[in-house]
Amino acid sequence: MKLTCFGKYGPYPKGGCATSCYMITHEGKNILLDLGSGALSKVLQKIRVQDIHALLLSHLHSDHMGDALTLRYALAAGKKMGHLSDSIPVYLPEFPLKESSMLSENVMMDTKFITDGMQCNIFGIDVIFARMPHAVPSYAMSFCADGKKFVYSGDTQDNDKLAVFAKDADLFLMDAALLSKDKSEDAAHVSAKDAGRIGKDSNAKRMLITHLFPEYDKDMILKEAREGYSKAEFIEEKIIYEV
């Protein structure tokens, strides 16, 4: 499996960049993980619409699914022009219903609703979903193929479940949305410091941090994350990571 990042910011992008969007490539198939604001343009610099083989949405906030709405038009155009004949599988939470219905009612999207503990095989990859605490239903995802394990946290509050879910991952992509000074008791995200601790507790071989607030000093984010996981790294756009 290979991982490519197209967007790493949240809840809005830095100028010229995009919010959360990543791609797993395996055996010639491209699976998008989230498709946030500004991301589709970045994806289409790399692959064609007809080369998007599946879309998985961790949750239905705009910085993770905003460009999935625009993808509807690109898929429809692809069918009209003869580049696409079938709908693509789209995995997403059922709630909030207002957001999910905008995708589930589209004929070019074969929608499948995610549930906690759900397991499936997507193009030869064994995928498991685990619900995480967040403002709306949000799911971490585990991908296993060829003896390797990749885990994406999605957006999450601090909790004990995630480190267990990501245990011994070869690559762990972790939400680090806040600095500790800005984390309230009811915050919907972990701090970078929390992210480092979770990464260490998971015993992941490599951890990349993402969902970066564009106004933060990146050095401060990395410093906090490395208090727990000494080799924590930022994920970088257009870099291909081997899992």
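For clarity, every value in this text was computed on a predicted model and none was experimentally measured.

Caption draft 1: The arrangement of the packing of helix 2 (residues 62-80) against helix 3 (residues 97-104) in detail. Across the interface, helix 2 lies against helix 3 with an axial gap of 10 Å and an inter-helix angle of 30 degrees. It follows from the interaxial angle that helix 2 and helix 3 lie roughly parallel. Every pair of crossing elements has a handedness; the one defined by helix 2 and helix 3 is left-handed. Here Met 65, Ala 68, Leu 69 and Arg 72 of helix 2 lie close against helix 3, whose contacting residues are Glu 99, Met 102 and Leu 103. For the contact of helix 2 with helix 3, the per-class residue count stands at five nonpolar, no polar and two charged.

Caption draft 2: Broad picture of helix 5 (residues 192-202). Those residues of helix 5 lying buried are Ala 192, Asp 194, Ala 195, Gly 196, Ile 198, Gly 199 and Ser 202. On its buried side, helix 5 packs onto helix 4 (161-165), strand 11 (171-175), strand 12 (207-210) and helix 6 (218-228). Asn 203 sits one or two positions beyond helix 5 and adopts a positive phi of about 60 degrees.

Caption draft 3: Representation of the nonpolar core in the model. Leu 162, Phe 172, Met 174, Ile 198, Met 207, Ile 209 and Ile 221 are the most contacted members of the largest nonpolar core, which has 32 residues in total. Contributions of two or more residues to this core are made by strand 8 (125-132), helix 4, strand 11, helix 5, strand 12 and helix 6. Contact partners of Leu 162, with chain neighbours within four places excluded, come to Met 132, Ala 140, Ser 153, Thr 156, Phe 172, Met 174 and Ile 198. If you look at the next biggest cluster of nonpolar residues, it comprises 29 residues, including Met 118, Val 127, Phe 129 and Tyr 152.

Definitions and cut-offs
Residues numbered from 1 in each chain as written. Predicted model: local features only at pLDDT ≥ 70, side-chain atom pairs only at ≥ 80, totals over all residues. Heavy atoms only, no water. Axes fitted to C-alpha atoms, helices over the stretch in contact; angles between N-to-C directions. Helix = DSSP H or I, 4+ residues; strand = E, 2+ residues; numbered from the N terminus. Parallel < 35°, antiparallel > 145°, perpendicular 65-115°, else oblique. Left-handed = near helix turned anticlockwise from the far one by under 90°. Contact = heavy atoms within 4.5 Å. Nonpolar A, V, L, I, M, F, W, Y, C, P; charged D, E, K, R; others polar. Buried < 20%, exposed > 50% of the residue type's maximum accessible area, 1.4 Å probe, protein only. Core = buried A, V, L, I, M, F, W, Y, C linked by side-chain atoms within 4.5 Å.

This is a description of form; function is not addressed.
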